[in-house]
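Below are the chains, spelled out letter by letter.
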Amino acid sequence: RYKTPAQVLTLLCDIVSKNGNLLLNVVLHADGTLPPESDLLLTEMADWMKVNAEAIHGSRPWKIHGEGPTETAGGAFKEDAAFTPQDIRFTTRGDALYALTLGEPRGAVRIAALRSGNPFDPRQVRRVELLGAGPLQFRQGAQALEIDLPERLPSRHASALRIALA
């Protein structure tokens, strides 16, 4: 059974947020050609990486790995969680904080870990950008950082938000 591009990309975001690496085994036919499932996976991963790679490559974990409603089981070969867009994973690179949605969000994203006065980073959010789309409107309140998303997202399966703190 092949994993879908959505499963692999959300797994990648989850693992990287925990300071891990994803080893991907790509199936080939005996003559070296790709089966359609492998070709689809690599094509969609390449498209996603063109937009979101900076949130993955050369990134480091943040103070917490993420938040969201989905509970995952620990241990080897237990990565079949059904993540939702409300499941957020965090990475950092330089001065940027990245919030990766583990699904295709619609409308708005709420990030409780970045609410005003949160225990992880007391600085105010000064700018939020959706990688591949540019700056977004946001509100940092007592309950959550709320970010308004464009109707059309620049990538499928997961989205990466670059957050600048003051």
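All values reported here derive from a predicted model rather than from experimental measurement.

Conventions adopted
Residues numbered from 1 in each chain as written. Predicted model: local features only at pLDDT ≥ 70, side-chain atom pairs only at ≥ 80, totals over all residues. Heavy atoms only, no water. Phe/Tyr/Trp six-rings, centres within 6.5 Å; stacked < 30°, edge-to-face > 60°. Helix = DSSP H or I, 4+ residues; strand = E, 2+ residues; numbered from the N terminus. Expected span 1.5 Å × (residues − 1). Buried < 20%, exposed > 50% of the residue type's maximum accessible area, 1.4 Å probe, protein only. Arc of directions from axis to C-beta. Contact = heavy atoms within 4.5 Å. Salt bridge = Lys/Arg side-chain N within 4 Å of Asp/Glu carboxyl O.

**Student:** Is there a simple way to explain the packing of aromatic side chains in this structure?
**Tutor:** Any two aromatic rings considered together are summarised by their centre-to-centre distance and by the angle between their planes. Enumeration over the complete set of coordinates arrives at two aromatic pairs. An aromatic cluster of three or more residues is present, and its members are W62, F90 and F120.

**Student:** Which parts of the structure should I look at to understand helix α2 (residues 36-52)?
**Tutor:** For α2, with 17 residues, the first-to-last C-alpha span of 24 Å sits near the 24 Å given by 1.5 Å per residue. Taken together, the buried positions of α2 are occupied by S38, L41, E44, M45, W48, M49 and N52. For α2, the angular spread of the buried residues around the axis is 140°, confining them to a single face. Exposed positions of α2 whose direction lies more than 90 degrees from the buried face are P36 and K50. On its buried face, α2 sits against α1 (5-17), β3 (96-101) and β9 (159-165).

**Student:** Where do I start with the pattern of salt bridges in this structure?
**Tutor:** One side chain can pair with another of opposite charge once the charged atoms of both are near each other. With the rule as written, the count across this model stands at twelve salt bridges. Here K18 makes a salt bridge to D14, at a shortest N to O gap of 3.1 Å. Between R139 and E146 there is a salt bridge, with the nearest N and O atoms lying 3.6 Å from each other. R139 gets classed as partly exposed once you look at its relative accessible area, which sits at 40%. Connected through salt bridges with shared partners, the residues E54, R127, E129 and R162 form a single ionic network.

**Student:** What's the story with α1 in this structure? I'm lost.
**Tutor:** Each α-helix winds once per 3.6 residues, and so residues spaced three or four apart point in a common direction. Between its terminal C-alpha atoms α1 stretches 18 Å, which fits the 18 Å expected from 13 residues at 1.5 Å a residue. Most of α1 is tucked away, with ten of its 13 residues classed as buried. At its buried positions, α1 is contacted by α2, β1 (60-67), β2 (88-93) and β3. Of the residues trailing α1, N19 is marked for its positive phi of about 65°.

Bear in mind that shape data such as this cannot, by itself, settle questions of function.
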